[in-house]
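Each chain, letter by letter, is given below.
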Amino acid sequence: MSADIFTIEPQWIVQAPHLRCTLKRALALQAAHNFWSGTEHINNAVAMAYGDQLPDSGRWELTRSQLRTLKIAIEWRRATRAASDKKTAPDILERWTKIEDEVIAAYRAGEQRSRVVLDLRGCRSPKNMV
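Okay, so let's go over this structure.

Parameters and conventions
- Residues numbered from 1 in each chain as written.
- Predicted model: local features only at pLDDT ≥ 70, side-chain atom pairs only at ≥ 80, totals over all residues.
- Heavy atoms only, no water.
- Phe/Tyr/Trp six-rings, centres within 6.5 Å; stacked < 30°, edge-to-face > 60°.
- Buried < 20%, exposed > 50% of the residue type's maximum accessible area, 1.4 Å probe, protein only.
- Helix = DSSP H or I, 4+ residues; strand = E, 2+ residues; numbered from the N terminus.
- Contact = heavy atoms within 4.5 Å.
- Salt bridge = Lys/Arg side-chain N within 4 Å of Asp/Glu carboxyl O.
- Core = buried A, V, L, I, M, F, W, Y, C linked by side-chain atoms within 4.5 Å.
- Expected span 1.5 Å × (residues − 1).

**Some remarks on the packing of aromatic side chains**
Consideration 1: Evaluated as defined, the whole model comprises two aromatic pairs.
Consideration 2: Considering the side-chain rings of F35 and W36, the 6.1 Å spacing of their centres and the 70 degrees angle between planes classify their relative orientation as edge-to-face. Both residues of the pair, F35 and W36, count as buried.
Consideration 3: Site record: aromatic cluster; members linked through ring pairs are F35, W36 and W76.

**Topic: the environment of T22**
Consideration 1: Counting through the fold element by element, T22 comes out in helix 1 (residues 15–33).
Consideration 2: Given a relative accessible area of 2%, T22 falls into the buried group.
Consideration 3: Sequence separation of T22 and I74 is 52 residues, and the distance between their C-alpha atoms is 7.0 Å.
Consideration 4: Sequence-distant contacts of T22, defined by excluding residues within four places in its chain, comprise A73, I74, W76 and R77.

**Describing the pattern of salt bridges**
Consideration 1: A full pass over the atoms with the stated rule returns seven salt bridges.
Consideration 2: In this structure, R20 engages D56 in a salt bridge whose closest nitrogen and oxygen atoms are separated by 2.8 Å. One end of the pair, R20, is in helix 1; the other, D56, is in the loop between helix 2 (39–50) and strand 2 (60–63), and 36 residues separate them in sequence.
Consideration 3: Since its relative accessible area comes to 17%, R20 is described here as buried.
Consideration 4: Taking the shortest distance from any N to any O, the salt bridge between D101 and R78 comes out at 2.5 Å.

**Considerations on unusual backbone geometry**
Consideration 1: A positive phi angle, close to 50 degrees, is found at N34, a residue other than glycine.
Consideration 2: Among the secondary structure elements, N34 is positioned in the loop between helix 1 and helix 2.

**Brief notes about the nonpolar core**
Consideration 1: Judged by nonpolar contacts, the single largest core of 26 residues is most densely connected at L23, W36 and L70.
Consideration 2: Those elements giving two or more residues to this core turn out to be strand 1 (5–8), helix 1, helix 2, strand 2, helix 3 (64–83) and helix 4 (90–115).
Consideration 3: A total of six residues in this core trace back to one element, the largest contributor, which is helix 3.
Consideration 4: Contacts of L23, omitting those with residues within four sequence positions, involve W36, A45, M48, A49, L54, T69, L70 and A73.

**A word on helix 3**
Consideration 1: A rise of 1.5 Å per residue sets the reference length of helix 3, with its 20 residues, at 28 Å; its end C-alpha atoms lie 29 Å apart and thus fit the reference within 8%.
Consideration 2: All of the buried residues along helix 3 are R64, S65, Q66, L67, T69, L70, K71, I72, A73, I74, W76 and R77.

**Considerations on the environment of T63**
Consideration 1: Following the sequence through the fold, T63 ends up in strand 2.
Consideration 2: A relative accessible area of 22% means that T63 is categorised as partly exposed.
Consideration 3: Beyond its immediate chain neighbours, meaning those up to four positions away, T63 contacts D4, I5 and F6.

Interpretation in functional terms is not warranted from these geometric data alone.
In structure tokens, the structure reads:
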């Protein structure tokens, strides 16, 4: 497992509760839908949903594994939202989408770094790249 730490800083108060709620819903439905394979993602989801790893304000410092756990939950939530006839206020939806996009972008950036071996002298650390 990579020791890289990715920093994400939420911009609006609704973003952390949205992701915690997404994780809680996915955990509640895990037995029926198997979003995550293995206990690592389930343990990550429990820690992020019920712990202090996704505070309402301030930076989030997440591992690649935690980002993957969030990414899977976000993809499920987006699919559920798209299939639903319930409408969310556009301003709230914009803020949810922004933090979801940031999490997915951070995960993809980590994926790219793990696939390519580069000379990293003079580059910023992964902690500062997001």
